[in-house]
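# Inside the fold
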Amino acid sequence: MTPVPYRSNLRMLPELGEVTSMTQNETTLESEIADRVFRRGEDSAILRMSESEIQAYKPQDDRRMVVNMGPQHPSTHGVLRLSLEMEGETVIRSKPIIGYLHTGMEKTGEQLSYLQGATNVTRMDYSSPLFSELAFSLATEKLLEIEVPERAKWIRMLMCELNRISSHLLFQATNGMDIGAVGAMIYGWREREEVLRLLEKITGLRMNHNFIRPGGVAADLPDGWRDDTLQILSNLPERLEDFDGLFTGQPIWHERLQGVGVINSEECLALGVTGPLLRSTGYAWDLRKDMPYLHYDQVDFDVLVGTYGDCFDRFAIRLNEIRESIRIVYQILEKMPSGDYRTQDKKITPPPRTRIDESMEALIHHFKIFTEGFKVPAGEVYVAVESPRGELGCYIVSDGGPKPYRMHIRGPSFTNLQVLPHMLQNALVADAVAVISTVDPIMGEVDR
Amino acid sequence: MTEIDPQEDNNAETETNSAIPSDQTMYEVPISNSRGQTILHPDRDQYLDTIKKLSEDGFKVCIDVTAVDYLENPERDLPNSISPERFEVVINLLSHQKKERLRLRIQVPESDPVISSIFDFYPGSEALEREVYDLFGIEFEGHPDPTRILMPENWNGHPLRKDYDAGAIPVQFKNAPGAG
Amino acid sequence: MPNVPFLGDTSRVADEGLEGLDHNFLTGKIEDLVKWSRTRSMWPATFGLACCALEMMATGAAHYDLARWGMEVFRASPRQADLMIVAGRVSQKMAPILRQVYDQMMEPKWVISMGVCASSGGMFNNYALVQGVDQIVPVDVYAPGCPPGPETLMHAILQLHEKIESGEITRRRDQRDGGAGIIVEQRDGQTATQMIIGQRGQDQ
């Protein structure tokens, strides 16, 4: 069955531009100055006080007050706490307070071997766990200086793009609910369940898969995966049209999202913001296109950018990135080679279970790999991938032992959250929820 | 599986990568190479100047600020002119024009764990530096908001240091002799 | 055919209306009525913290509908909630807030500890996490899994309903002097297969 490449349907979104690679953007417009993010004093958008100081703080002006939002609140973005200094309904300064989900994963990463490491990092960004696993595995493989087989790379790309689809669908669901359309949860989850079912068939788990491991992937694709994937891909575009009809053209969406939470590209670059947030400002930077990893240079897709840097652009970009991912998955289906799904290096890959009964060597390798772990030569490396939230990087320092000496994940949501006070400045508090939801932070990778 | 001999990288004479000039410095700072990635090693005093030069040279995005505690691994590959200290602050920069990454590693001694903040060049480093302060205890001079970010405010100690115990509680099994 | 409890045979209601009922008095013990009403439409409080929160949302979504039991409304205000599903890992910073939310809930209230991180600290046995939410709040049902799929969560909720309706839960709470501490089996993943082929028994 010849897959029909699906081009993005952009006719409902006239503001969205299409570029295929980063353009040299040297001129800085008047509106593109990053002045306000450098401010340190009272005129900054960030309420720079410690938690105890905020509690004791009494603003001079009678009309101002400090209101606490979270960490337990119905906006389903996890445990984010916001301190808002408000004058009436307008937010003047704010401070995101995080740390309510701090799990000490980087410390745990130093206690687990490289084979176990993927189970740890996968729980950081729990909405798109395969990307964290991919970053960790790519970093380990770079340290080991091994090449994974072609089929493993294509399987990784397939899994990651499917995960991108499920993560963006989750965004549609939670964004809709935060704006007020509680039914969006049902719509978003309907499609997400189908993708999760396919992921469960391939990896064994619906979430936190521990599938992409150093050396390749954990298991080969099961029989019938092609038909299942094609079925999802053929159902999705029509359901995305549903989303368009329900959300994109709707006046309520326009009123609530357009012009809200505006940020420009210079500010984003100064703050280190990446992902759909940066692309919504009109700056086309996508690691898959500009610094390709795996085989993203062999598939054809567009990098979507917005024009105004507001919430509506971010919502539209994420919706259309689903369509781009569908396009990529069709191409992956065509190009998937046959071969090994993990490297055959005996020192790294555990042997198949049946061989353990037959060969003493296999038994010893299995024992060593699972109890002690394979040793990785000393050095340090940083590898980044483009997750649905932005640049997800993994920095590993190895001292030649079987466990990482230092494992650090650069979570995109952590840096992206810094943009929140600037977006909320002089916005109404009702917009705060819309802004947080389009920034789409996942607190697991913020707090680690 | 090839192994890279760490001693080789220390030798200033060997050319490890064609992208690195043979005098082995970039932006007047010694460099090293790890798996094909270039790393700059400025002193604490040279640090802000190097950042200034890099930010003017197209490295407009500060991707990551983190730190490593080398208490248990003092031997590591560094250029000959750099003396190892307990902490290393690692800065990761990205240039969109050149599509290149650059890493900086600055040695910070245990006795005086202070380093300048790069907030004035990269405001995005604010939260990242707070995290390094929280988890390692390295103070950033000139940081607008030097408070803890991940641990509770009244927490004692800096968890990611090597001498800070992971805090694992032994698992108690039901009906085990002596178990609670 | 429909032989409804308390009302008996209701097959003639379609033709005769309420006259067709055998008796239109309901008698029962107050205790039974109270237990019945406590089980129905038990509103959960939103306490989704980490990955388990996504599975909790999936349980509330259309595929594994929680609305069948009237539980799709996750109340943000703890005053309006009966059930607290602690979904996710509880860090040291979050622990006082967890207790505060629990204290604000009105009696009768129940707690389901969803996932291994909430039940025992999970795979993160370190300084940052509370090793089991039962150190802070009394837990009635422990649902294992990392994360427990919607089927396991539903099994946990239904077990809770059953135990409330049978009165077992108050008996266990008195016995343990705290939460009831019912541990349910995982209904998805590897254990699911074993249950289907009959190798694992039903839980208590």
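Below is a short write-up of the structure. (Residues numbered from 1 in each chain as written. Chains lettered and ligands numbered in written order. Predicted model: local features only at pLDDT ≥ 70, side-chain atom pairs only at ≥ 80, totals over all residues. Heavy atoms only, no water.)

Another point: the overall build of chain B. Along the backbone of chain B there are three helices and eight strands. Listed N to C, the secondary structure of chain B is α-β-β-β-α-β-β-β-β-α-β in terms of helices and strands. Expressed as a percentage of its 180 residues, the buried residues of chain B come to 53%. Excluding contacts between residues fewer than 6 apart, the proportion of contacts in chain B whose partners are at least 24 apart in sequence is 54%. Per element, the accessible surface of chain B, about 8,200 Å² overall, is 46% carbon and sulfur. (Helix = DSSP H or I, 4+ residues; strand = E, 2+ residues; numbered from the N terminus. Buried < 20%, exposed > 50% of the residue type's maximum accessible area, 1.4 Å probe, protein only. Contact = heavy atoms within 4.5 Å. Areas by Shrake-Rupley, 256 points an atom, 1.4 Å probe, with all protein chains shown as cover.)

A few words on the environment of isoleucine 149 of chain B. Tracing the backbone shows isoleucine 149 of chain B in the segment after strand E8 (139-141). The spacing of isoleucine 149 of chain B and valine 65 of chain B is 84 residues in sequence and 14 Å in space, taken between C-alpha atoms. Contact partners of isoleucine 149 of chain B, with chain neighbours within four places excluded, come to Ile98, Gly99 and Phe414 of chain A, Ala127, Arg130, Glu131 and Asp134 of chain B together with Lys93 of chain C.

Between glutamate 107 of chain C and the following residue, proline 108 of chain C, the backbone shows a cis peptide bond with an omega angle of -10°. Omega for the peptide link from cysteine 146 of chain C to proline 147 of chain C comes to -10°, which places this bond in the cis form. Locating proline 147 of chain C in the fold gives a position in the loop between strand E6 (141-143) and helix H6 (150-166). With a phi angle near 55°, lysine 99 of chain B is a residue other than glycine that sits in the positive phi range.

Within soluble globular proteins, side chains that are nonpolar generally end up buried alongside one another. Ranked by size, the top nonpolar core spans 199 residues in total, and within it Ile91 and Ile138 of chain B together with Met84 and Val90 of chain C carry the most contacts. If we skip the residues at most four places from it in the chain, isoleucine 138 of chain B touches Ala67, Phe87, Val89, Val108, Pro113, Ile115, Val132 and Tyr133 of chain B. Tyr64, Ile85, Met154 and Leu160 of chain C belong to the second-largest nonpolar core, a separate cluster that totals 24 residues. (Core = buried A, V, L, I, M, F, W, Y, C linked by side-chain atoms within 4.5 Å.)

Within the structure shown, the criterion is met by 54 salt bridges over all chains. Salt-bridge contacts for glutamate 87 of chain A lead to arginine 64 of chain A; the nearest nitrogen and oxygen are separated by 3.2 Å. Residue glutamate 87 of chain A is located in strand E3 (residues 81-87), and its partner arginine 64 of chain A is located in strand E2 (residues 64-69); the two are separated by 23 residues in the primary sequence. The partly exposed category is assigned to glutamate 87 of chain A, whose relative accessible area is 25%. Arginine 64 of chain A gets classed as partly exposed once you look at its relative accessible area, which sits at 27%. Between lysine 99 of chain B and aspartate 290 of chain A there is a salt bridge whose closest N-O contact spans 3.2 Å. Residue lysine 99 of chain B is located in the loop between strand E5 (87-95) and strand E6 (100-108), and its partner aspartate 290 of chain A is located in helix H11 (residues 287-290); the two belong to separate chains. Using a relative accessible area of 32% as the deciding quantity, one classes lysine 99 of chain B as partly exposed. Taken together, the shared-partner salt bridges connect Glu161, Arg164, Arg279, Asp286, Arg288, Glu321 and Glu386 of chain A into one network. (Salt bridge = Lys/Arg side-chain N within 4 Å of Asp/Glu carboxyl O.)

To continue, consider a nonpolar patch on the surface. All names here are of chain A. On the surface, a nonpolar cluster with roughly 220 Å² of combined accessible area is contributed by Ile186, Tyr187 and Leu246. Mapped onto the secondary structure, tyrosine 187 falls in helix H6 (residues 183-203). Take tyrosine 187: its relative accessible area is 31%, and that puts it in the partly exposed class. (Patch = residues over 30% accessible without salt bridge, like charges linked within 9 Å, V, L, I, M, F, W, Y side chains within 5 Å.)

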